[in-house]
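This is what each chain is made of:
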Amino acid sequence: MTEPAERRLLTPEEYRQAQDSPEFTELRRRFRRFAFPMTVAFLAWYLLYVLLSTYAPDFMSTRVFGNVNLGILLGLAQFVSTFVITHLYVAHANRRTDPIADEMRERLESHQYAAGTQSGTHGTTDLGKGATRA
């Protein structure tokens, strides 16, 4: 990473060129392919819990052991699923998106997206496998 004193400000054109690059398109695609389905799954799971709590109180009050009922276990499972999703996202980001993002940041900092430079032709990223530094 470049020291702050050595950096020069990036131009809007450099940001635009980076945004229009195939690497950025692939980065967005990889993020969306994980984030959207996971968000829908979690919201459906949460809605199911709320609906069961509201419309199936007998089911939710089913004792599992001692004073612990199904509603308490499903409520605790909400917290567990949040941690599982967080772990899955971190693993996904480390493996599939961070290498491309890191490479793009380095290219931006070295002004490889400057006017007159063709983005995506530097051979630094293989879009089929992720960044070469992965």
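Structural data are supplied above this passage.
Just so it is clear, the structure is predicted and the values come from calculations on it, not from any experiment.

Definitions and cut-offs
Throughout, residues of each chain are indexed from 1 in the direction in which the sequence is written. It should be noted that, the model being predicted, local features are given only for residues of pLDDT at least 70 and side-chain atom pairs only at 80 or more, the latter also being counted only at that level, while totals for whole chains, interfaces and linings use all residues. Hydrogens are left out, water is left out, and the side-chain values use all remaining heavy atoms of the structure. The way it works is that DSSP assigns letters per residue, a run of H or I at least four long becomes a helix, a run of E at least two long becomes a strand, and they are numbered from the N terminus. Here a polar contact is taken to be a pair of N or O atoms separated by no more than 3.5 Å, where protein atoms must pair a possible hydrogen donor with a possible acceptor and residues adjacent in sequence count only if both atoms sit in side chains. When checking whether two residues touch, look at their non-hydrogen atoms; a contact exists if any pair is within 4.5 Å. Whether two aromatic rings pair depends on their centres lying within 6.5 Å, for rings of Phe, Tyr and Trp, where Trp uses its six-membered ring; planes under 30 degrees apart make the pair stacked, over 60 edge-to-face, and the rest tilted. Buried residues are those whose accessible area, probed at 1.4 Å on protein chains only, stays under 20% of the maximum for their type, while exposed residues exceed 50% and partly exposed ones sit between those limits.

1. Comments concerning the side chain of Asn69
- Tracing the backbone through its elements, the reader meets Asn69 in strand β2 (residues 68-69).
- Of note is the side chain of Asn69, whose polar atom sits 3.1 Å from the backbone nitrogen of Gly71.
- In terms of polar contacts, Asn69 uses its side chain to reach the backbone amide nitrogen of Ile72, at 2.9 Å.
- Leave out the neighbours within four places in its chain, and Asn69 touches Met60, Ser61, Thr62, Arg63 and Val64.

2. Here's the deal with unusual backbone geometry
- A positive phi angle is found at His111, which is not glycine, with a value near 60°.
- Among the secondary structure elements, His111 is positioned in the loop between α4 (70-109) and β3 (125-126).

3. Remarks on the packing of aromatic side chains
- Following the criterion strictly, the structure yields two aromatic pairs and no others.
- With a centroid separation of 6.3 Å and an interplanar angle of 90°, the aromatic rings of Phe31 and Tyr89 are classed as edge-to-face. One end of the pair, Phe31, is in helix α2 (residues 22-55); the other, Tyr89, is in helix α4, with 58 residues separating them in the sequence.
- Assessed through its relative accessible area of 38%, Phe31 is described here as partly exposed.
- Judged by relative accessible area, Tyr89 falls into the partly exposed class, the value being 33%.
- A centroid spacing of 5.7 Å and a plane angle of 50° characterise the contact between Phe34 and Tyr89, whose relative ring orientation is tilted. One end of the pair, Phe34, is in helix α2; the other, Tyr89, is in helix α4, with 55 residues separating them in the sequence.
- A network of ring pairs unites the aromatic residues Phe31, Phe34 and Tyr89 as a single cluster.

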